[in-house]
Amino acid sequence: MKNIVQNFQEADTMIKIQILDQIPTTVMAVDKELRITYMNYAGQKVINKKWEDISGKKCCDIWDCLHCNTDECYMCKTIKNGKMYSAQNEITIGDLKKPFEYYVVPLRDEDGNVIGGLEFVVDITERVRYEERLKEQSHTIREMSTPTIELWNEVLVLPVVGVVDSMRAQHMMDSMLNKIAETHSKVIIMDIQGVAAIDTAVANHLIKITRATKLMGCECILSGITPAVAQTIIQLGINMDTIKTKSTLSDGLAEAFKILNLEVKKKKE
């Protein structure tokens, strides 16, 4: 009877191993000393090694990862604490570096004692590339939506169209300050005629931007305030007394010329 039970257990174990070998992502088991006790075919394929070359070896000797032999090794943590962890990591295979996400869970015996750890590894190379492309596209869109233009010698203009949130306000500030430093401009006109609505948060962003430009030795003029925006500012009780405001961009440019002691005269025929 004992032999029959043992045979069933061994058969059950083989079935489970066969199932793990069908999984297209790396699955690896180690004991408490981090010696490899199992790795499925997908894992062997990633590191290009056969089972007899990795069996019994420490995982840190097989994998060249950022977390290996550091306090960030979550396999060590899961064996020590008996908890499940997940993290992102990077593996080096030859000259190639690949990002991956891994999940580790403790392996326990029949009495519940931790005897090792089980690790699942997911290649996230495509996801990372996709996220990088999104960041590049987002950066390009922000550059296009908030262009700081040199309108005149020592005069810059920033036309603002659409919604101003915290991220865009920060990008506007960065763009303006960098352009001021690059051109040594003395006046910048921020035209908000294309901003349909304004609230306390947007107003605070604009106030912070004008203060930052003054620290750079550049006077900021806010132009293009529509009647609706003006009413909203009054209704919200927003104090914008520290900001020079003009109704149109042309008025803002005239004010800029006045600040620079410039005068535009019509050429005599």
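Anything mentioned here points back to the structure above.
These numbers come from a predicted model, not from an experiment.

Caption draft 1: Representation of the sheet that holds strand E2 (residues 36–39) within the structure. Spatially, the 5 strands line up as an open sheet ordered E2-E1-E5-E4-E3, and their pairing is antiparallel. Each edge of the open sheet is held by one strand with a lone partner, namely E2 and strand E3 (85–93). When the angles between neighbouring strand axes are averaged without regard to direction, this sheet yields 30°. Two elements, strand E1 (residues 26–31) and E2, share 3 bridges in a ladder whose sense is antiparallel. Each residue of the ladder has a partner; that of alanine 29, found in E2, is tyrosine 38.

Caption draft 2: Local environment of the nonpolar core. Counting residues in each nonpolar core, the largest one holds 29 residues, and the members touching the most others are Val160 and Met190. For this core, the secondary-structure elements that each account for two or more residues are strand E7 (155–161), helix H7 (166–183), strand E8 (187–194), helix H8 (200–215), strand E9 (219–223) and helix H9 (227–236). Grouped together as the second largest cluster of nonpolar side chains are 25 residues, Ile54, Trp63, Cys65 and Cys73 included.

Caption draft 3: Examining a nonpolar patch on the surface more closely. Taken together, Leu151, Trp152, Leu262 and Val264 make up a surface patch of nonpolar side chains, about 380 Å² in accessible area. As for its placement among the helices and strands, leucine 262 is situated in the segment after helix H10 (249–259). On the basis of relative accessibility, which here comes to 40%, the residue leucine 262 falls in the partly exposed class.

Caption draft 4: Broad picture of the packing of H7 against H8. Contact geometry for H7 and H8: axes closest at 10 Å, N-to-C directions at 20°. The angle between H7 and H8 falls in the class roughly parallel. In this structure, H7 meets H8 at a crossing whose hand is right-handed. Residues Ser166, Ala169, Met172, Met173, Met176, Leu177 and Ile180 of H7 touch H8, and the partners they reach there are His205, Lys208, Ile209, Ala212 and Thr213. Looking at the contact of H7 with H8 residue by residue, the class counts come to 8 nonpolar, 3 polar and 1 charged.

Conventions adopted
- Residues numbered from 1 in each chain as written.
- Predicted model: local features only at pLDDT ≥ 70, side-chain atom pairs only at ≥ 80, totals over all residues.
- Heavy atoms only, no water.
- Pairing = 2+ DSSP bridges.
- Helix = DSSP H or I, 4+ residues; strand = E, 2+ residues; numbered from the N terminus.
- Axes fitted to C-alpha atoms, helices over the stretch in contact; angles between N-to-C directions.
- Core = buried A, V, L, I, M, F, W, Y, C linked by side-chain atoms within 4.5 Å.
- Buried < 20%, exposed > 50% of the residue type's maximum accessible area, 1.4 Å probe, protein only.
- Patch = residues over 30% accessible without salt bridge, like charges linked within 9 Å, V, L, I, M, F, W, Y side chains within 5 Å.
- Areas by Shrake-Rupley, 256 points an atom, 1.4 Å probe, with all protein chains shown as cover.
- Salt bridge = Lys/Arg side-chain N within 4 Å of Asp/Glu carboxyl O.
- Parallel < 35°, antiparallel > 145°, perpendicular 65-115°, else oblique.
- Left-handed = near helix turned anticlockwise from the far one by under 90°.
- Contact = heavy atoms within 4.5 Å.
- Nonpolar A, V, L, I, M, F, W, Y, C, P; charged D, E, K, R; others polar.

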